[in-house]
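# Working through the structure, step by step
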Amino acid sequence: MTTTQEATLARLAVAPSGTARLLPTDETAAPRTPRTAAQLRTPAALISDIDAAGLLGRGGGGFPTARKLLAVAQHTHRGRRAAVVVANCCEGDPSSAKDRVLTARSPHLIIDGALAAAAAVGADRIVLAAHRGSSAVAQLTAALSRTHTEIAEIEVCEIPARFVASEASAVVNFVNTGDARPTGKLNPVWKKGIDARPTLVGNAETLAHLGMIASFGPDWYRSVGTAVEPGTTLMTITGAVGRPGVLEVAHGVAITAILRATNAQAAKWALVGGLAGRWVTLHALSRSGFSTTALTEAGAVRGVSSITVLPAEDCVLNETSRILSYLARSGAGQCGPCMFGLPAIAADMAALNNGDHEALRRLRRRLPVIDHRGGCSHPDGAVAMTANALAVLTGPETTHLTEHLEGRRCAPSAKFLPDLHPAAAS
Ligand code: SF4
């Protein structure tokens, strides 16, 4: 390492302390993540650092980031063609605002993370994907204009603002052909993505963490959080809370502390993990910490790291029906499960909501037929959420279900996922 490089590293080695890493406050203003840090490390050392940090993807899948990097890097090496990195800044799930807030507050961290990832996998092109018409486009463009990099091609790409258009293969397909529909699981993008080159599609938050780890190392990253899930995470809390928004918390923080900090109202149920999430009681959540493991033990899923609290006066059945209707409208309409399956279960849930005694039987028959039959996981998420809702409705909420079957009708919630109302969602 040259003296200049050592001096650069020394200047940059001021890591933010505490948990305000991605969303610094005035008091904890994080230093700029160094763009050059990635160039001061070998690709293998960078990937090894990400592995040692234990970074898991934050786009919903929770896949180990180092394994993803390694797969793309090996494929790049074998095929002797430079890879492509996509920073996915599209917020697909209406229950989540974390990537929007990150892009607004710290767009440079996403870009730095994409540059570090490009160094790790051997990419010479970076695509910053944001929903068309969103403020993220201007925020990323402005941050990019302040970025100095040797990467030849780095651009902001506007993706249609639809739910499944931000799925990894849909983003790649859009960049290649202008069609923002998923291309299925048979041709993984890490093998053959943009320009038929190995492509790493990273969620915006994942890349921001990756860039910070490249700068400050795995030990710094692990200095907060739990041993199994180190570091901080962004999470969205909305619904029946006095202070809705996006928080950055250390993994493992007690969910009671999160509910208290956001002034959650007295309520029974929350949808955890997004539209493909699970209904869980606040009581069960209150015994849990915020981590994938603890959420799973509480009967939830991590998903997009959102908690949407259902107001006490609102109804799990009615809101599940509204979510299914939204998911059925959001499919790309190119596979059977999206064309026929989701509209059918959405219609059944609406019928159940309206007191149709046969709808429960139809739903139970249809769900296994749809599961794992789509070209992407969009229908699977809807099926899992529906199965969970049926367990709730025939378990702890069975009295309320009986009331619906006897003619009760609940009004749609005004506070719970208002973006799903047809007028807002169209
Ligand atoms: S399952 Fe739906 S969203 Fe996924 S590829 Fe098929 S049509 Fe598209």
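## Thoughts on the sheet that holds strand β2 (residues 123–131)
Within a sheet, each strand pairs with its neighbour through backbone hydrogen bonds, oriented either parallel or antiparallel. If you trace the 4 strands from one edge of the open sheet to the other, you get β3-β2-β1-β4, paired in parallel fashion. Across the chains shown, the open sheet's two edge strands, defined by having one partner strand only, are β3 (153–159) and β4 (199–203). Looking at each pair of strands side by side, their axes are set apart by 20 degrees on average, direction ignored. In this structure, β2 lies alongside β3, joined through 7 bridges in parallel fashion. By the bridge assignment for β3, R125 is matched with E153. Contacts from helix α6 (residues 135–145) reach β2 and β3 within the one sheet, and its direction differs from that of β3 by about 170 degrees.

## Notes on the nonpolar core
Counting 131 residues, the largest nonpolar core has L69, V85, A87, A114, A117, V121 and L128 as the members making the most contacts within it. The residues contacting A114, other than those within four sequence positions of it, are V85, A87, I126, L128 and L207.

## Examining the domain arrangement of the chain
Looking at the chain, the domain boundaries give domain 1 (12–221), domain 2 (232–309) and domain 3 (316–425). Between the C-alpha centres of domain 1 and domain 2 there is a distance of 25 Å. Per-element tally for the side of domain 1 that touches domain 2: the top contributor is helix α4 (residues 98–105), with 3 residues. Among the residues making up the side of domain 1 that touches domain 2, the classes are represented as 7 nonpolar, 5 polar and 5 charged.

## A look at the site of the ligand
Surrounding the ligand, one finds 15 residues, the nearest of these being A332, C335, C338, G374 and G375. Every element with two or more residues in the shell around the ligand is listed here: α13 (336–353) and α15 (378–393). A class-by-class count of the residues in the shell around the ligand yields 8 nonpolar, 6 polar and 1 charged. Domain assignment of the residues forming the shell around the ligand places at least three in each of domain 1 (12–221) and domain 3 (316–425).

Procedures and definitions
Residues numbered from 1 in each chain as written. Predicted model: local features only at pLDDT ≥ 70, side-chain atom pairs only at ≥ 80, totals over all residues. Pairing = 2+ DSSP bridges. Helix = DSSP H or I, 4+ residues; strand = E, 2+ residues; numbered from the N terminus. Axes fitted to C-alpha atoms, helices over the stretch in contact; angles between N-to-C directions. Contact = placed C-beta atoms within 7 Å. Core = buried A, V, L, I, M, F, W, Y, C linked by C-beta atoms within 7 Å. Buried ≥ 20, exposed ≤ 12 C-beta atoms within 10 Å, placed from the backbone. Domains from an automatic or database assignment. Nonpolar A, V, L, I, M, F, W, Y, C, P; charged D, E, K, R; others polar. Near = placed C-beta within 6 Å.

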